[in-house]
Amino acid sequence: MSYLLADGWMITMNPQREILEQASLLIEDKTIRAIGTRDALQQRYPEAEIIDCRERIIMPGMVNTHTHLFQTLLKGLGDDMVLKKWFTCMTGPSAVALTEEDVYAAALHGCMESLRSGVTSLVDFMYAHPRPGLTAKVIEAFEVSGIRGHVCRGFLTSGAEHGIPAELIETPEQALADARAVIDRYHQVDGRVKVGLAPSMIWALDEKVLRGTRQLADETGVLITTHVAETDFEIEQAKLRFQASDTEFLSDIGFLGPDVLAVHCVQCNSRDIRALKHHDTRVSHNPCSNLYLASGVPPIPDMLAAGLTVGLGSDGPASSNNHNLFQAMKVAALMQKGVHRDPTIMTAEKVLEMATIDGARAIGLDHLVGSLEVGKRADVVIVDTSHPAMTPIHHPVSSLVYSALGHEVSDVFVDGAYLLRNGEFTQLNQKEVMARSQRAAHSLAVRTGNDNARGWRSAAF
């Protein structure tokens with residue numbers, strides 16, 4: 001099947017960062033075959049179905065470099081807590097109680113929500129394994145929804161003294177053996193769905209499993225992602241245990257590299273940034289989560305000045321309450337402007353790069369996705385600009401970053417498959433997916449004691 005996306009405002013994100021008016025794009029099979037005028041492409045591809053894109057923006061599908069899909073069931077339960085309390089009192093106990101049905105319902109909803117707001121590639125960080133088989137349910141949700149991405153098998157191998165539930169702690173041998181089995185069974189080198197590795201955070205890991213992760217990634221060629229320098233507590237624990245920051249320690253043991261996606265990096269200093277750059281390690285910036293948990297504001301301008309590749313992430317909905325990268329783009333720009341009191345320090349153009357081509361580069365897929373270029377995979381999003389919040393339009397990039405809310409996405413293609421058409425899913429039943437996740441969320445909250453009515457909280461005093 002071929003589709004001609006005709007006469008739209010096209011934001012290519014190609015190396016020249018071209019923005020084309022009344023431009024058209026031809027999708028055939030899984031690939032972007034041609035970009036040009038409607039008349040020219042119609043003559044070359046007369047059998048293509050024409051999708052009228054007037055008053056619409058055609059853009060690359062966005063890349064969410066970090067989330068925890070199981071947390072889709074936890075929206076709103078972690079409000080107004082610091083990270084340690086958030087994990088030990090709510091997220092950890094919820095993770096312990098997860099069933100296969102919970103994980104599948106959450107992951108399918110999260111994939112659907114992501115597609116609905118223009119995300120076509122996800123990196124899921126699945127660290128909760130109270131029982132076998134949960135990673136497979138996330139992979140199943142990826143396959144059913146049609147989204148692209150990495151399902152990263154996470155693990156915690158220590159941290160009981162800091163409140164990590166015993167049911168979530170695995171031995172290094174257990175964690176790495178299961179990770180290898182998941183890679184062997186599900187990883188597709190050239191496929192839409194890939195498997196990765198996700199050692200969780202420095203205060204819940206030991207050196208043995210970190211070295212084992214590096215070795216397994218070297219053997220299999222999969223992506224590694226891990227939380228780095230998210231809070232002051234992480235830095236303190238790393239210095240107590242390893243006499244170095246977590247970034248320095250990971251550098252010293254040979255863990256870092258271009259296949260490593262370091263998440264958050266809020267507390268990174270200049271030495272940490274140099275270490276990340278030395279190893280060409282990539283960064284996932286999660287602005288909404290960092291503010292939600294009061295973790296702080298990461299030095300993203302310094303990282304960009306150093307030449308680091310930085311992508312955007314939503315983080316899990318337990319600490320951001322959605323998977324919306326439109327929201328993340330706006331917050332990413334505004335938080336740096338406010339902290340530095342410099343309106344030029346983070347532009348709309350830069351955060352759109354972070355959400356698309358830089359995000360693709362951060363996960364090693366920039367040769368396939370992240371921009372609209374002939375020969376790349378057809379991961380394409382159409383945004384309806386007729387919504388009041390987006391109009392009037394002077395500059396389409398500004399409108400996407402500062403005006404759009406996310407629901408303006410009307411059409412989504414992944415690998416050339418037409419997944420969202422005129423606001424309706426072609427392969428998913430949105431009402432059924434939402435009803436299923438609501439049932440699972442309620443059941444999980446009841447089982448973990450998180451279903452209590454919440455009183456009104458006007459202030460913290």
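Our structure is the block above this text.
What you see is a predicted model, and the numbers here were worked out from it, not measured in a lab.

Visitor: Mind showing me how you'd approach unusual backbone geometry here?
Guide: Most of the time, phi is negative for any residue but glycine, and the peptide bond is trans. Backbone torsion omega between Thr-391 and Pro-392 reads -5°, so that peptide bond is classified as cis. Note that Pro-392 resides in the loop between strand E14 (380-384) and helix H15 (396-403). With a phi close to 65°, Asp-7 is a non-glycine residue in the positive phi region. Assignment of secondary structure puts Asp-7 in strand E1 (residues 2-11).

Visitor: Quick question: what am I supposed to make of the environment of Leu-365 here?
Guide: On the secondary structure map, Leu-365 appears in the loop between helix H14 (357-362) and E14. C-alpha separation for the pair Leu-365 and Ser-121, spaced 244 residues apart in sequence, amounts to 9.7 Å.

Visitor: Explanation requested: the sheet that holds strand E13 (residues 310-312) in the structure shown.
Guide: Note on sheets: strands pair through backbone hydrogen bonds, and any given pair is parallel or antiparallel. Taken together, eight strands build an open sheet; the order of strands is E6-E7-E8-E9-E10-E11-E12-E13 and the sheet is parallel. Edge positions in the sheet fall to strand E6 (62-67) and E13, since each has one partner strand and no second. In this sheet, neighbouring strand axes are inclined to one another by 25° on average, regardless of whether the strands run parallel or antiparallel. In the sheet, E6 pairs with strand E7 (residues 119-126) via four bridges, with the strands oriented parallel. Looking across to E7, one finds that Met-62 is bridged to Val-119.

Visitor: How should I be thinking about helix H3 (residues 100-116) in this particular structure?
Guide: Residue pairs spaced three or four apart in an α-helix point in one direction, given the helix's 3.6 residues per turn. The end-to-end C-alpha distance of H3 is 24 Å, a good match for the 24 Å that 17 residues give at a rise of 1.5 Å each. In terms of burial, H3 is a largely internal element, 14 of the 17 residues being buried. Backbone geometry just downstream of H3 places Gly-118 in the positive-phi region, at approximately 90°.

Visitor: Help me understand the environment of Leu-250 in this model?
Guide: Here Leu-250 is to be found in helix H8 (residues 246-252). Measuring from C-alpha to C-alpha, the distance between Leu-250 and Ile-202 comes to 9.2 Å, with 48 residues separating the pair along the chain.

Visitor: Just to check I follow, could you spell out the pairing of strand E8 (residues 148-155) for this structure?
Guide: Moving residue by residue along a regular strand, the side chains alternate between the two faces of the sheet. Of all eight residues in E8, eight are buried; the element is thus mostly enclosed. Of the two faces of E8, the one lined by Arg-148, His-150, Cys-152 and Gly-154 and the one lined by Gly-149, Val-151, Arg-153 and Phe-155 are each fully buried. Where E7 meets E8, six bridges bridge the pair, whose relative direction is parallel. Counted as the bridge partner of Asp-124 is Val-151 from E8. Handedness of the E7-helix H4 (residues 134-145)-E8 crossover: right-handed. Examined bridge by bridge, E8 and strand E9 (residues 193-199) share seven bridges and lie parallel to one another. If you follow Gly-149 over to E9, its bridge partner there is Val-193. Traced from E8 through helix H5 (residues 172-186) to E9, the parallel crossover comes out right-handed.

What counts and how
Residues numbered from 1 in each chain as written. Predicted model: local features only at pLDDT ≥ 70, side-chain atom pairs only at ≥ 80, totals over all residues. Heavy atoms only, no water. Helix = DSSP H or I, 4+ residues; strand = E, 2+ residues; numbered from the N terminus. Pairing = 2+ DSSP bridges. Axes fitted to C-alpha atoms, helices over the stretch in contact; angles between N-to-C directions. Expected span 1.5 Å × (residues − 1). Buried < 20%, exposed > 50% of the residue type's maximum accessible area, 1.4 Å probe, protein only. Right-handed = clockwise from strand over helix to strand, strands pointing away.

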